[in-house]
Amino acid sequence: MKQGNVFKFLVNGEWRTSSTGKTMKEVTPYDNTEAYEFQSCSQQDIDDVFKAANKAQRSWAKTPLWKRAEYLKKAAAILRENKDEIATALVKEIAKNRKSSVSEVVRTADLIEYTAEEGTRLAGKLMTSDSFPGQKRDKLCLVHRVPLGVILCIPPFNYPVNLCASKVAPALITGNSVVIKTPSQGAVSALYLAAAFHLAGVPAGVVNAVTGKGSEIGDFLTTHPLVNCISLTGGGTTGMSVCKKVGMIPLQMELGGKDAAIVLPDADLDLAAKAIVSGAFSYSAQRCTAVKIVLAVEPIGDELVKKVVEGVKKLTVGHPEDNSDITAVINKSSADYIESLVMDARQKGASEVCPYKREGNLLWPTVFDHVREDMKIAWEEPFGPVLPIVRVKSAEEAVEFANRSTMGLQGCVFTNDIEKAIHISDELSTGTVQVNGQPARGPDHFPFQGFKDSGLGSQGVYFSLEAMTKIKSTVINLRQESYPMN
Ligand SMILES: NC(=O)C1=CN([C@@H]2O[C@H](COP(=O)(O)OP(=O)(O)OC[C@H]3O[C@@H](n4cnc5c(N)ncnc54)[C@H](OP(=O)(O)O)[C@@H]3O)[C@@H](O)[C@H]2O)C=CC1
Ligand SMILES: O=C(O)[C@H](O)COP(=O)(O)O
């Protein structure tokens, strides 16, 4: 998959260099040294990839389901065998700490195996006409779930292996072929995922992967006539712009979040503080499901803030190879953006209870208390280690505040009163509400969806299987009614 140190792209079962000979280089987030070099795919390359995917799909769809499942299981085993090498790529490309990088690979193998199993159970159904008023039982409807065709899978930088597999595995088991557009930061990690399917013996053209900048090849990819579905995880701006450009094809969009943690006065504050620290700062808060705002219902504000600050002080800051909790954010422009939110909150008088500090792209975990709604940090998604805390007077005020966000991915509520928790869950405009726990996508078979600007459709193994298939029915019109008897 590479020539010298330069990685190739995967087309029709073959690792190739770009037709233009153009490559691009990627630097590590933590010291700006070269991480990898890979192909900058041209429109010609992309055309070749779609043609191959389109051609391979029909025979793949006719491959028995048990056999497709075997390929997936083999790919999962290959990932497990190579978890350390793939983790090295994750460490270098996206500065995820080593332990979390290894778990991303293992979690991905689990996800692929689970998808293989679940996919073999995805059955159609038989419907009969006599259940509808006035009808006789003279029509049998065979309802099948059929593949969509070629799925364009676009993962983000923060889970280039796992969020790629969460699209590829359900697509393959349901008989689709895939074109992976790797994220520019994280491209090699995603290529390793493609390589696992290639090495597992998946037929040529079924799994393809292109590399190149989204800003250069994104439009050509997403508007290509041979794309039958796009599954994208990324920022709201990217998602929205893709939605506006593509025609009438199914879309699965997992976009940004501004997940709120609502802490009620009767909550177990130790539990809440622990979940908030872990939820807000894991992988330096570069998770769509990170806790991005705390709404502390008085009078527990002071006590909660004290416990959160104690937890934050225990976080380690440094190099991903040292398993630091906080590592460099993805690039300079991200660090600059986060800093601009910090300066805005500082200037407008928020209390900096865990102070901001920066060395290059490494940002120390920062907590602002007494954040007000005129501060940008109350609404924006920093995608970096800065946590705003807002004091509110009631649960109703907390819900109203959270619902003013344009995003609606997840939210969480801490309380010992399950009735109140259910009521708040009913009221929050988010795809998921966690009770007494931090927001999280996993376990990966749970449904995962955003309301409002946070997305379109649902992910999660079974829900992705549904998303990557469509219903086809064959109606058998009988000359006489059919009532099977014992
Ligand atoms: N809801 C969820 O599940 C998740 C949401 N996110 C959100 O993603 C953002 C951070 O991830 P990040 O990777 O920076 O997001 P981006 O939106 O910048 O990129 C996501 C993916 O889209 C590609 N892309 C960029 N422009 C286009 C285009 N015009 N057409 C097609 N593809 C394009 C990128 O390629 P390239 O890298 O080459 O630009 C990348 O592969 C945050 O806002 C975060 O909340 C992240 C993870 C999960
Ligand atoms: O990409 C993301 O940020 C995720 O979908 C979040 O996944 P996680 O909750 O497992 O970190």
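Note that the structure is predicted; figures quoted are calculated from it, not measured.

Colleague: Would you mind showing me how to read the packing of aromatic side chains here?
Modeller: What characterises a pair of aromatic rings is the spacing of the ring centres plus the angle enclosed by the ring planes. The tally for this structure, following the rule as stated, stands at six aromatic pairs. Aromatic side chains Trp60 and Tyr71 sit 5.6 Å apart centroid to centroid with 45 degrees between the ring planes, which places their arrangement in the tilted category. Residue Trp60 is located in helix 1 (residues 43-61), and its partner Tyr71 is located in helix 2 (residues 65-81); the two are separated by eleven residues in the primary sequence. Residue classification places Trp60 among the buried positions, given a relative accessible area of 1%.

Colleague: Explain the site of ligand 1 to me, please; I cannot follow it from the model alone.
Modeller: For ligand 1, the set of nearby residues contains 27 residues, the closest of which are Ser184, Gly235, Thr238, Leu255 and Glu381. One nitrogen or oxygen atom from the main chain of Glu254 is found 3.5 Å from a nitrogen atom belonging to ligand 1. Between ligand 1 and Glu381 there is a distance of 2.5 Å, counted from an oxygen atom to a side-chain nitrogen or oxygen. Across the complex, the protein chains shield 84% of the 890 Å² of accessible surface that ligand 1 would expose by itself. At the level of secondary structure, the elements contributing two or more residues to the shell around ligand 1 comprise helix 7 (214-222) and helix 8 (236-245). Of the residues forming the shell around ligand 1, the biggest block, three residues, is contributed by helix 7. Taken together, the residues of the shell around ligand 1 break down into twelve nonpolar, eleven polar and four charged.

Colleague: Hey, could you run me through the layout of surface pockets in this one?
Modeller: Unfilled space is identified by rolling a water-sized probe across the atoms. Estimated volume of the second largest pocket: approximately 750 Å³. Considering the residues around the second largest pocket, the lining is formed by 29 residues, among which Ser100, Ser278, Ser282, Tyr283 and Asp325 are closest to the centre. Taken together, the residues of the lining of the second largest pocket break down into eight nonpolar, ten polar and eleven charged.

Colleague: Quick question: what am I supposed to make of a nonpolar patch on the surface here?
Modeller: Among the surface-exposed residues, Leu126, Leu142 and Ile476 lie close enough to one another that they form a single nonpolar patch of about 240 Å² accessible area. You can see Leu126 is positioned in strand 7 (residues 125-128). Looking at Leu126, the relative accessible area reads 54%, which means it is exposed.

Colleague: Sorry if this is basic, but what is going on with the site of ligand 2 here?
Modeller: What surrounds ligand 2 is the set Arg107, Asn158, Tyr159, Leu163, Arg287, Cys288, Thr289, Ala440, Arg441 and Phe448. Contact distances for ligand 2 include 3.0 Å between an oxygen atom and a side-chain N or O atom of Asn158. Here an oxygen atom of ligand 2 and a side-chain polar atom of Arg287 are 2.6 Å apart. Burial of ligand 2 by the protein amounts to 96% of the accessible area it has alone, namely 310 Å².

Colleague: How do you make sense of the UniProt feature "domain: Aldehyde dehydrogenase" (unreviewed entry) in the protein when you look at a structure like this?
Modeller: As annotated by UniProt and renumbered to match this structure, "domain: Aldehyde dehydrogenase" (unreviewed entry) occupies residues 15-473. What you have in residues 15-473 is 40% helix and 22% strand, and the ends, taken at the C-alpha atoms, are 39 Å apart.

Colleague: Whenever I open this one, the UniProt feature "active site" (unreviewed entry) in the protein confuses me. Can you help?
Modeller: Taken from the UniProt record, the annotation "active site" (unreviewed entry) applies to Glu254. Secondary-structure assignment places Glu254 in strand 13 (residues 251-254). Classification of Glu254 by relative accessible area gives buried; the value is 2%. When neighbours within four sequence positions are excluded, Glu254 is seen to be in contact with Leu232, Thr233, Gly234, Phe448, Gln449, Gly450, Ser454, Gly457, Ser458 and Gln459.

Colleague: Can you walk me through the sheet that holds strand 5 (residues 23-27) in this structure?
Modeller: Within a sheet, each strand pairs with its neighbour through backbone hydrogen bonds, oriented either parallel or antiparallel. Across the sheet, which stays open at both edges, the four strands sit in the order 1-2-6-5 with mixed pairing between neighbours. Each of the sheet's edge strands pairs with one partner strand only, and the pair in question is strand 1 (2-3) and strand 5. Where strand 5 and strand 6 (residues 34-39) come together, five bridges link them in antiparallel fashion. Within the sheet, the bridge partner assigned to Val27 lies in strand 6 and is Glu34.

Colleague: Would you take a moment to explain empty space enclosed by the protein for this structure?
Modeller: On inspection of all chains with the given rule, the structure shows five cavities of 30 Å³ or more. Here the largest cavity defines a volume of roughly 90 Å³. Lining the largest cavity are Leu111, Thr115, Ser166, Pro170, Arg441, Asp444, Phe446, Phe448, Gln459, Gly460, Val461 and Ser464. For the lining of the largest cavity, the secondary structure elements donating two or more residues are helix 4 (98-120), helix 5 (162-173) and helix 14 (461-467). Tallied by class, the residues present in the lining of the largest cavity amount to five nonpolar, five polar and two charged. Its boundaries defined by the atoms lining it, the second largest cavity holds a volume of some 70 Å³. If you trace the second largest cavity, you find it lined by Lys258, Asp259, Ala260, Ala402, Ser405, Met407, Gly408, Leu409, Gln410, Gly411, Leu428 and Thr430. Those elements that place two or more of their residues in the lining of the second largest cavity are strand 14 (259-263), strand 21 (407-408) and strand 22 (410-414).

Colleague: Teacher, can you tell me more about the pairing of strand 15 (residues 291-297) here?
Modeller: A regular strand places its side chains on the two faces of the sheet in alternate fashion. Burial within strand 15 is extensive, with seven of its seven residues counted as buried. When strand 14 meets strand 15, the two strands line up parallel, connected through five bridges. Across the sheet, Ala261 pairs through a bridge with Val294, a residue of strand 15. Remark: the strand 14/helix 9 (residues 269-281)/strand 15 crossover connection has right-handed handedness. Pairing of strand 15 with strand 20 (residues 386-392) involves four bridges; the strand directions are parallel. Each residue of the ladder has a partner; that of Val297, found in strand 20, is Val392.

Colleague: I'm lost on the nonpolar core in this one. Help?
Modeller: Within soluble globular proteins, side chains that are nonpolar tend to cluster in buried spots. The biggest cluster of nonpolar side chains holds 61 residues, and the ones touching the most others in it are Ile112, Leu172, Val178, Phe197 and Val207. The element best represented in this core is helix 6 (residues 187-199), accounting for nine residues. With residues near it in sequence (within four places) discarded, Val207 still touches Leu10, Leu172, Val178, Ile180, Ala194, Phe197 and Val202.

Colleague: Can you help me understand the sheet that holds strand 20 in this one?
Modeller: Taking strand neighbours across the sheet as the criterion, the seven strands line up as 16-19-20-15-14-22-23 in an open arrangement whose pairing is mixed. The open sheet has two edge strands, strand 16 (351-354) and strand 23 (432-435), and neither has a second partner. Within this sheet the neighbouring strands show an average axis-to-axis angle of 25 degrees, counted without direction. Taken together, the four bridges between strand 14 and strand 22 define a ladder with parallel strand orientation. Considered in strand 22, the bridge of Ala261 is made with Cys412. Packing of helix 10 (residues 301-313) onto the sheet brings it into contact with strand 14, strand 15, strand 16, strand 19 (366-369) and strand 20, and relative to strand 20 it is tilted by some 170 degrees.

Basis of the calculations
Residues numbered from 1 in each chain as written. Chains lettered and ligands numbered in written order. Predicted model: local features only at pLDDT ≥ 70, side-chain atom pairs only at ≥ 80, totals over all residues. Heavy atoms only, no water. Phe/Tyr/Trp six-rings, centres within 6.5 Å; stacked < 30°, edge-to-face > 60°. Helix = DSSP H or I, 4+ residues; strand = E, 2+ residues; numbered from the N terminus. Buried < 20%, exposed > 50% of the residue type's maximum accessible area, 1.4 Å probe, protein only. Near = heavy atom within 4 Å. Polar contact = N/O pair within 3.5 Å; in protein donor to acceptor, adjacent residues only side chain to side chain. Areas by Shrake-Rupley, 256 points an atom, 1.4 Å probe, with all protein chains shown as cover. Nonpolar A, V, L, I, M, F, W, Y, C, P; charged D, E, K, R; others polar. 1 Å grid on protein atoms, 1.4 Å probe; cavity = no way out; pocket = protein on both sides within 12 Å on 5 of 7 lines; lining within 4 Å. Points joined across faces, edges and corners; volume = space filled by probe spheres on them. Patch = residues over 30% accessible without salt bridge, like charges linked within 9 Å, V, L, I, M, F, W, Y side chains within 5 Å. Salt bridge = Lys/Arg side-chain N within 4 Å of Asp/Glu carboxyl O. UniProt positions renumbered as here; feature names shortened; annotations may be inferred. Contact = heavy atoms within 4.5 Å. Pairing = 2+ DSSP bridges. Right-handed = clockwise from strand over helix to strand, strands pointing away. Core = buried A, V, L, I, M, F, W, Y, C linked by side-chain atoms within 4.5 Å. Axes fitted to C-alpha atoms, helices over the stretch in contact; angles between N-to-C directions.

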